[in-house]
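Read off the chains here:
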Amino acid sequence: MSEIKTQLVVLGGGPGGYSAAFRAADLGIETVIVDSRDSLGGVCLNVGCIPSKALLHVAKVMKEAKHLASHGVSFGEPKIDLDKIRDYKDGVVKQLTNGLAGMSKMRKTQHVKGYGKFTGSNTLEVQGDDGVTTITFEKAIIAAGSEPISLPFIPEDDRVIDSTGALEMKDIPEKMLVLGGGIIGLEMGTVYEALGSNVDVVEFLDQLIPAADKDIMKVFMKDYKEKFNIMLETKVTAVEAKDDGLYVTFEGKKAPAEPVRYDKVLVAVGRKPNGNLVSADKAGVNVDERGFINVDKQMRTNVEHIFAIGDLVGQPMLAHKAVHEGHVAAEVVAGQKHYFDPRAIPSVAYTEPEVAWVGLTEKEAKEQGVNYEVASFPWAASGRAIAQDSTNGLTKMIFDKESGRVIGGAMVGTNAGEMLGEIGLAIEMGADGEDVALTIHAHPTLNESIGLASEIFEGSITDLP
Ligand code: FAD
């Protein structure tokens, strides 16, 4: 049994945890990171954001290559080498996790590998491969993240997978069911469809990506109803594992009359916070019944010297939110007076087309009784979109009618997520529609649609195609 004394311990080495630890170390605080994985990076780098984007890149290039046939350039049928695809994905992850290890070393933050649990208000025990390490700390940041929700009525079977299983890419199933029409399920479904699977998607609600506005998802559906068999307002009531496949029974609007056979079922019904798994009660930290830890704007829990960040403090469960919360927690630990109070946190589905929104959605504006106005620019009128054959897109800006300020924005279309930052900046800086309309956007670009939509709001639309 070994013992460590430190000023700060960070429990969890994901985007929240490593960002907090690095910031704290930069501010001169002696910091230890505890994480059960071999490499820092948490879910996002190891089994989330990054490997999924590597695979989505492959899927996108394949789709574009196929599409070029209609513009006079044809390639042969794709030959899939699954081992090489997996190597590519793993290489991307390794490059980034190695980078993190280097940054950690440079800052002299110590990574204690193992599973950590609080044993008191200033002590943590880490169960590692070589035994137990006791850490005595002055301050702690809990950044233990989240894990996929499993459904109790679905049998344990190798052919039932979650997002981590889907990213392993063991094989390409002929027929696959994605259970849940949220971002993670749709991204993974996009990868498998591109590689040859027949993909069905079942969603209990009446639209995919339920948080996005209906008009945005209508554009998305134009492409995706061709790609997937989508069953909305339908739920899975049973899954039976047989030798020849998984037999799924559905109920609801689009439910097939008989159970349907699948080679694989991807369960993507959301993620649950890990707040209940760290014995936070031993340190006196309150955890709610779902596993979330309540924090104030300085990311402080109910215990003065213990902070919490990332997926386990609440929605949206996104890496960039965790990073910013991590910075705030570290700065407060170092005695600075910072707090986490963003006006807008972006969300992006890296499907093709991408779906991206930031600030208020129209649905939220309505619910909050905001006096708003929407101005939308269809990509069918964008010169760049026409030139690159990506006209299935829409840019939507939401303005406060009284102040004229930008309060939200959404884009659906190719690379939408890359362009969303401009709208986020406008919201954070309190820009009004005129500021955006008067900003000269390069022509022809897809993001000039943001300026053009703002010109519509300003009533000054030009004739730029
Ligand atoms: P995590 O990344 O979950 O890290 C927590 C770490 O703590 C993990 O390594 C865990 O093993 C470790 N841990 C937990 N408990 C203990 C313990 N007791 N002892 C030791 N270690 C422990 N977000 C985006 O913003 N963009 C995306 O494109 C995106 N894509 C995603 C794709 C997929 C397939 C998935 C699953 C998620 C995706 N996310 C994405 C979400 C993103 O991964 C999370 O929001 C982010 O990782 C949360 O960061 P975190 O620091 O809170 O925790």
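In this text the structure is predicted, and so the values were computed from the model without any measurement. (Residues numbered from 1 in each chain as written. Predicted model: local features only at pLDDT ≥ 70, side-chain atom pairs only at ≥ 80, totals over all residues. Heavy atoms only, no water.)

### Some words on the overall build of the protein chain
Next, step 1: A count of helices and strands for the protein chain gives 13 helices and 22 strands.
Next, step 2: Its C-alpha radius of gyration of 24 Å places the protein chain within 12% of the 23 Å reference for a compact globule of 465 residues.
Next, step 3: For the protein chain, the spread of C-alpha atoms along the principal axes amounts to about 65 × 60 × 40 Å.
Next, step 4: The 465 residues of the protein chain split such that 50% are buried.
Next, step 5: Taking all contacts inside the protein chain whose residues are at least 6 apart in sequence as the whole, residues at least 24 apart take part in 63%.
Next, step 6: Total accessible area on the protein chain stands at roughly 21900 Å², and carbon and sulfur atoms take up 51% of it.
Next, step 7: For the protein chain, the distance from the average position of its 47 positive side-chain charges to the average position of its 67 negative side-chain charges is 2 Å. (Helix = DSSP H or I, 4+ residues; strand = E, 2+ residues; numbered from the N terminus. Rg over C-alpha atoms; globule rule 2.2 N^0.38 Å. Buried < 20%, exposed > 50% of the residue type's maximum accessible area, 1.4 Å probe, protein only. Contact = heavy atoms within 4.5 Å. Areas by Shrake-Rupley, 256 points an atom, 1.4 Å probe, with all protein chains shown as cover. Lys, Arg positive; Asp, Glu negative; His and termini not counted. Charge placed at Lys NZ, Arg CZ, Asp CG, Glu CD.)

### Comments concerning empty space enclosed by the protein
Next, step 1: By the definition in use, this model includes 1 cavity of 30 Å³ or more.
Next, step 2: The space that makes up the largest cavity amounts to roughly 40 Å³.
Next, step 3: What lines the largest cavity is simply Ala 212, Asp 213, Ile 216, Trp 357, Leu 360, Thr 361, Ile 398, Gly 409 and Ala 410.
Next, step 4: A breakdown of the residues in the lining of the largest cavity according to their chemical character gives 6 nonpolar, 2 polar and 1 charged. (1 Å grid on protein atoms, 1.4 Å probe; cavity = no way out; pocket = protein on both sides within 12 Å on 5 of 7 lines; lining within 4 Å. Points joined across faces, edges and corners; volume = space filled by probe spheres on them. Nonpolar A, V, L, I, M, F, W, Y, C, P; charged D, E, K, R; others polar.)

### Re the sheet that holds strand S20 (residues 372-378)
Next, step 1: Spatial strand order, S18-S19-S22-S21-S20: 5 strands in an open sheet with antiparallel pairing. Here the strands that pair on one side only, and so sit at the sheet edges, are strand S18 (347-349) and S20. Put simply, the sheet's adjacent strands are angled 10 degrees from each other on average, direction ignored.
Next, step 2: Judged from the 3 bridges that link them, S18 and strand S19 (residues 354-359) form a sheet pairing that is antiparallel. Note that in S19 the partner of Ser 347 across the bridge is Trp 357.
Next, step 3: Those strands touched by helix H11 (residues 416-428) are S18, S19, strand S21 (394-400) and strand S22 (406-413), and its axis lies near 175 degrees from that of S22. (Pairing = 2+ DSSP bridges. Axes fitted to C-alpha atoms, helices over the stretch in contact; angles between N-to-C directions.)

### Some thoughts on the layout of surface pockets
Next, step 1: Empty space within the second largest pocket amounts to approximately 750 Å³.
Next, step 2: As for the second largest pocket, its lining consists of 27 residues, and the residues nearest its centre are Ala 59, Lys 60, Val 61, Met 62 and Lys 63.
Next, step 3: Among the elements of the structure, helix H3 (49-67) and helix H6 (183-194) are those that each provide at least two residues to the lining of the second largest pocket.
Next, step 4: Counting residues per element, the lining of the second largest pocket draws most heavily on H3, at 11 residues.

Everything listed here is a matter of coordinates, which is why it stays silent on function.
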